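# Notes for the structure review
This is what each chain is made of:
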Amino acid sequence: MLWRLVALAGFFVATTPGAVAAPVSVDDQTVRERIIQAVAHERQVYGAGGTVPGVLVGVWDGSGHSFVKGFGKSDLKSGAPFSPDDYVRIGSNTKTFIVTVLLQLVDEGRLSLDDPLSRFDIGVKVPDADHMTIRQLCQMRSGLFEVYDVPQLKEDVPPDSQWNPRQLVRWAVQQKPVFAPGKGYHYSNTNYLLLGLVIESVTGHSVKSEVEDRLLKPFGLARTFYPATMEMPTPWAHGYAAGSPHSTWKDVSNTVPVSLMGAAGNMISDLEDMRHWVDLYVRGKTNSPATQKERLQCLPTGQGDLGFGLGIGCGNGWFGYTGGLPGYNTAAWLNPESNVTALVFVTDQAAKPAPGVANAILRDIAQIVTPGHVPFDESDTGAKSGL
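Overview of the structure.

Conventions we followed
- Residues numbered from 1 in each chain as written.
- Predicted model: local features only at pLDDT ≥ 70, side-chain atom pairs only at ≥ 80, totals over all residues.
- Heavy atoms only, no water.
- Helix = DSSP H or I, 4+ residues; strand = E, 2+ residues; numbered from the N terminus.
- Buried < 20%, exposed > 50% of the residue type's maximum accessible area, 1.4 Å probe, protein only.
- Contact = heavy atoms within 4.5 Å.
- Areas by Shrake-Rupley, 256 points an atom, 1.4 Å probe, with all protein chains shown as cover.
- Phe/Tyr/Trp six-rings, centres within 6.5 Å; stacked < 30°, edge-to-face > 60°.
- Core = buried A, V, L, I, M, F, W, Y, C linked by side-chain atoms within 4.5 Å.
- Disulfide = S-S within 2.5 Å.
- Salt bridge = Lys/Arg side-chain N within 4 Å of Asp/Glu carboxyl O.

Attention shifts here to the overall build of the chain. Helix and strand counts for the chain come out as 12 helices and 13 strands. Buried residues in the chain amount to 58% of all 387 residues. Expressed as a percentage of contacts within the chain between residues at least 6 apart in sequence, the contacts between residues at least 24 apart total 70%. Carbon together with sulfur atoms contributes 52% to the accessible area of the chain, which is approximately 14,700 Å² in total.

Given below as structure tokens:
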């Protein structure tokens, strides 16, 4: 099955300190041409002998200028170009919404980040839950086995199948943990399925309704969805995977049931909404200064200089998240010091070579617009290894 590649994994940036160079304007035609050349290069590198079907980039600088451009097609069959209006599946960027709901609940005094998981009636028994905190789940430091690597998911699953997060968690906790809670960093989507169950236990409402009522509606994210079905709003970009021969592409859109992804990565959005969202949650406009400070306390991952906080990647002045699932790779990042935002949507989950296609393009853009603060610098062996 594809879950080894599917795993909805996020990727994070190197934390080497350095001064931000003079501002670079994306209104400069030379800068734009360099970005175009960089995207063309990475489409070839990750194209499996061909060219990655579609890439959409958006870069906004500190002077109010922007550069938004689509490359390739959103639908190879119809020939439609990749447009800023297209919806995509954002994968693990969903986790940034889940953590934000939790931080609001902390602000309301309804839970604490240091509460043990055992405090909550989530309908599934998790070993060592007395010593596993909400904070550790958010930080990927619970040590729990990766849910999408369980033996029960080694075969392909029907797109229209229905999955219960409790059953998925049961399978994951039957596997030996990687380490005891708090003893290291291990990226595992099991953490976020559990956090979704915690939200439902505390509020008495579904994760979907909490995300919608607390975040999507109040902050005007009208083009962002926590879907209950496989249906995509129109227009939408199709997702692809390299076929055989590699120069051909297979449409893998809507092959992973949304109920299987759940709180770990089932949301849908577009470029403008994700630009707005990364600004909101990175700058702490969605929760209190106290919980935002907690969010941004990034710890090393043990892979080079990569850091991870409460559902956020961080380092080198950049904060954000990258998500991936079959057919989609979405990076949404902000560098508050230089006030630069960069988004990269790709209609292929190409994860190799590290750091993956969306992160490689993000790195290339940063080399151009924030020299001195470059995520996934090729000279950093940790960044090359990915997560």
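The linkage connecting T234 with the following residue, P235, adopts the cis geometry, with an omega of -5°. Inspection of the secondary structure assignment puts P235 in the loop between α7 (207-216) and β5 (240-242). For the bond running from A354 to P355, omega is 15°, close enough to zero to count as cis. Position of P355 relative to the elements: it lies in the loop between β13 (340-346) and α11 (357-369). A positive phi is found at D128, a non-glycine position, where the angle reads about 65°.

The next point concerns α7. With respect to burial, α7 is a largely interior element, 7 of its 10 residues being buried. All buried positions along α7 are accounted for by V207, S209, E210, V211, R214, L215 and L216. If you follow the buried residues of α7, they end up packed against α3 (94-107), α6 (190-203) and α9 (271-282).

Let's shift gears to the packing of aromatic side chains. Under the counting rule described, the total for this entry stands at 6 aromatic pairs. Ring geometry for F97 versus W277: centroids 4.1 Å apart, planes at 5°, classification stacked. Here W277 lies in helix α9 and F97 lies in helix α3, a separation of 180 residues in the sequence. W277 shares its class with F97; the two are buried. Summarising the aromatic geometry, the rings of W163 and W171 are spaced 6.0 Å apart at their centres and angled 75° between planes, so their arrangement reads as edge-to-face. By way of ring pairs, the aromatic residues F97, W277 and Y281 are connected into one cluster.

This part is about the nonpolar core. I98 and V126 are the most contacted members of the largest nonpolar core, which totals 86 residues. Ignoring sequence-local partners within four residues, the contact set of V126 consists of L117, M132, L144, V169, V173 and L194. Formed by 29 residues, the second largest nonpolar core is a distinct cluster that contains V344, V346, A358 and I365.

What follows deals with the state of the cysteines. Taken as a whole, this structure holds 1 disulfide when the rule is applied. In this model, C298 is linked to C314 through a disulfide, with the two sulfur atoms separated by 1.6 Å. Residues C298 and C314 are joined through a disulfide that is left-handed, its torsion about the S-S bond being -130°. With C298 in the loop between α10 (289-295) and β8 (299-300) and C314 in strand β10 (residues 313-315), this residue pair connects regions lying 16 residues apart in the sequence.

This part is about the pattern of salt bridges. A full pass over the atoms with the stated rule returns 15 salt bridges. Between E272 and R275 there is a salt bridge, and its shortest N-O distance comes to 3.5 Å. Pair noted here: E272 and R275 are both in helix α9, with a separation of 3 residues, about one helical turn. Its salt-bridge partner being K285, residue D279 comes within 2.6 Å of it at the nearest N-O pair. Taking the relative accessible area as the measure of exposure, D279 reaches 18% and is therefore buried.

That is the geometry; function is a separate question.
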